[in-house]
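Chain by chain, the residues run as shown.
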Amino acid sequence: MVHPMNLFDTALRLAQSGLGNLAAYLAAHVLLCLLPAFFIAGALSALVPKEAVTRYLGRTAPKFISYPAAALGGFSLAVCSCTVLPLFAGIYRKGAGLGPAITFLFVGPAINILALSYTGVAIGMDIALARLVLSLLFGIGIGLLMALIFRRDDVAHDAGGADAFAGRATIERRTWLFLLILLAVLIAGTLQVELLTGGFASVTLSLPAAERFQAVLNQLVPFDATRGEEGVTVQGALLIGLLALIGLAAWRGLNNITEGFNRWTWVTLGLVALTLSLAAVRMTAGADGLTIALTGKALAVALGLVALGLLARQFEAYAIQEWLWETWRFVRQIFPLLIVGVFAVGVIRPLIRPEWIESLAGSNTLPGNAVGVLFGVFMYFPTLVEVPVARLFLDLGMHRGPLLAYLMADPELSLQSILITASIIGRRKAWTYVGWVALFSTLAGLLFGAWVDLY
Amino acid sequence: MALHIKILGGGCANCERLEKHAKAAVAQLGVEATFEKSGDYNEYAKYGLLATPGLVVNDRLLSGGKVPAVGQVVTLLTNVLAGE
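Residues numbered from 1 in each chain as written. Chains lettered and ligands numbered in written order. Predicted model: local features only at pLDDT ≥ 70, side-chain atom pairs only at ≥ 80, totals over all residues. Heavy atoms only, no water.

Attention now goes to the overall build of chain A. For chain A, the count of helices and strands is 21 helices and 3 strands. Relative to the 2.2 N^0.38 estimate, which gives 23 Å for 455 residues, the radius of gyration of chain A is 23 Å and therefore close to what a compact globule would have. Over its C-alpha atoms, taken along the principal directions, chain A stretches across nearly 75 × 65 × 45 Å. Burial status across chain A gives 52% buried among its 455 residues. Partitioning the contacts of chain A with sequence separation of at least 6, the portion at a separation of at least 24 is 82%. For chain A, the computed accessible surface area is about 20,600 Å², with 68% contributed by carbon and sulfur atoms. (Helix = DSSP H or I, 4+ residues; strand = E, 2+ residues; numbered from the N terminus. Rg over C-alpha atoms; globule rule 2.2 N^0.38 Å. Buried < 20%, exposed > 50% of the residue type's maximum accessible area, 1.4 Å probe, protein only. Contact = heavy atoms within 4.5 Å. Areas by Shrake-Rupley, 256 points an atom, 1.4 Å probe, with all protein chains shown as cover.)

In structure tokens form, the structure reads like this:
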């Protein structure tokens, strides 16, 4: 019989594991990559006119333009499925047809800026790059295959109605520059190269409390480095506090941003800049206090932020308000679910025996990759939550090949999205598509796994 | 002349903002207008809308995939009123 005290202990241990996972993810992975990534997603959504991409997806566009355009469109327009599905229906019914529509549908959820940067930081740049390259290639491949299989239906489809693809627009030069600087801040913050991470000046604050605080943190969030777990540093705790403050300030400062800037908007932006800069310096708590090392990273981030501030003045106020609003909308939509997901992953982690994962997908085999894909199809995770789930599998011994297979299949295929797709293109086409995605994801896992084993 | 304003897009935050902007613009112009909302993919296709939200006035798509500012909606509506 289980003693009630043991049950309580177990529950406490699981809750602690969940909180630990949450804290570690907020501090280590989220800040320097997701914070700028959300701002980039907001800028892509608010500042890049959709017509700049859709003009290449009309009915008369030649194949060698429409397929790459569909793939790139997936990258730039498709952070959430609410944009993907109407556009997918539009390309299919009124535009370039089934093939490019499928390419767009496939590429969007896998390689938008949020998914890519989060994968890169939480799991590894090799997986993020493989996800990018293979999604682009296979997206185009599956689109071409579908167009070939259903070429009869495709010719017959509706040619009447308004031409949705007549809109012409280009991306302004200042928008390009703005996006590039945002991207530079993201890359400077996440890239682990010596030039950026090396400290070139440091100060030590005589804060004996810092070391004690670190000891308390280690006790609160115990971690076992050999199992891939991470603890929380003094810097991490500081950043989590700032993140909470940003959330509070943004609630008052960004919820009504489209009506104009208010005091809280400036507080929010100031806190974001402070957080990004603080996250880029290196802090260590030791016996003699808190040592703060100024890194190349911190300098690059600070420079980028100043440049952004100056460039933002070149835009109309409404464009900047739209940018902040879209950013905040993505945060509100995605972040709460991500927090719940990361917590849940932490709770589940101690319950899964590494032997199970290892025996199922511990090496790069056909069944191993198929297991990854199947799990991706039958489990539905909200946007981005697939990443901490994948990290969990990796820590528990999954091979990187099947891991990629899972990451390719999960955002593409869930029962829910299959049903919506079927309502637009019909059941026969939808299930054919599902078959190809499953096949190609397995293949992607096998190829990448073989490459990993080779090097 | 009466305006019939249709907001295309099913329940997303931006669709609600577009509706708010359209109502504010109508109030500013002091004209009569009826409002309608639709989240139907076939309607999107009919008007050639590629990304929600869409603003349809008197059966013509005036803006799609973005939320124009109140002032921009006023201009769009004024053009419709002047053209007919």
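Additional details are given in the paragraphs that follow.
On to the interface of chain B and chain A, then. Contact with chain B, which involves 21 residues of that partner, is made by 22 residues of chain A. Interface area, chain B with chain A, both sides summed: about 1,600 Å², of which 56% is carbon and sulfur. Considering only the side of chain B, the residues that lose the most area to chain A are Arg17, Tyr41 and Leu50 of chain B, jointly responsible for 40% of the buried surface there. In this structure, the connection of chain B to chain A is made through 1 salt bridge. A salt bridge links Glu322 of chain A to Arg17 of chain B, with the shortest nitrogen-to-oxygen separation between them at 2.6 Å. There are 6 residue pairs in polar contact (both at pLDDT 80 or more) connecting chain B and chain A. If you list the elements that add at least two residues to the side of chain B that touches chain A, you get α1 (13–29) and α2 (41–47) of chain B. In terms of residues, the side of chain B that touches chain A owes the most to one element, α2 of chain B, which gives 6 residues. Considering only residue class, the side of chain B that touches chain A consists of 10 nonpolar, 8 polar and 3 charged. (Buried area = accessible area lost by both parts, 1.4 Å probe. Salt bridge = Lys/Arg side-chain N within 4 Å of Asp/Glu carboxyl O. Polar contact = N/O pair within 3.5 Å; in protein donor to acceptor, adjacent residues only side chain to side chain. Nonpolar A, V, L, I, M, F, W, Y, C, P; charged D, E, K, R; others polar.)

Before going further, it helps to spend a moment on the sheet that holds strand β2 (residues 282–286) of chain A. All names here are of chain A. Strand order in the open sheet formed by 3 strands is β1-β3-β2, with antiparallel pairing between adjacent strands. Only two strands of the sheet have a single neighbouring strand rather than two, namely β1 (199–205) and β2. Put simply, the sheet's adjacent strands are angled 20° from each other on average, direction ignored. Pairing analysis gives 6 bridges linking β1 to strand β3 (residues 289–295), with the strands arranged antiparallel. Of the residues in β3, the one forming a bridge with Gly199 is Thr295. Sitting on the sheet, helix α14 (residues 296–312) is in contact with β1 and β3, with an inclination near 60° to β3. (Pairing = 2+ DSSP bridges. Axes fitted to C-alpha atoms, helices over the stretch in contact; angles between N-to-C directions.)

All names here are of chain B. If you trace the 4 strands from one edge of the open sheet to the other, you get β2-β1-β3-β4, paired in mixed fashion. Across the chains shown, the open sheet's two edge strands, defined by having one partner strand only, are β2 (33–38) and β4 (60–64). Neighbour-to-neighbour, the strand axes of the sheet open up by a mean angle of 20°, direction not taken into account. Pairing between strand β3 (residues 54–57) and β4: 4 bridges, direction antiparallel. Among the inter-strand pairings, Gly54 is bridged to a residue of β4, identified as Gly64. Along the sheet, α1 makes contact with β1 (3–8), β2 and β3, crossing β1 at roughly 165°.

Residue and element names in this part refer to chain B. In total, this model carries 12 salt bridges over all chains according to the counting rule given. Where Lys6 meets Glu43, a salt bridge forms, and the shortest distance between an N and an O atom there is 3.1 Å. Separated by 37 residues along the polypeptide, Lys6 in strand β1 and Glu43 in helix α2 bring together distant segments of the chain. Using a relative accessible area of 7% as the deciding quantity, one classes Lys6 as buried. Judged by relative accessible area, which is 16%, Glu43 ranks as buried.

A word on unusual backbone geometry. Residue and element names in this part refer to chain B. Look at the link from Thr52 to Pro53: it is a cis peptide, with omega at 0°. Inspection of the secondary structure assignment puts Pro53 in the loop between α2 and β3. Phi angles above zero are rare outside glycine, and Asn58 is one such case at about 45°. Although it is not a glycine, Asp59 sits at a positive phi angle of roughly 70°.

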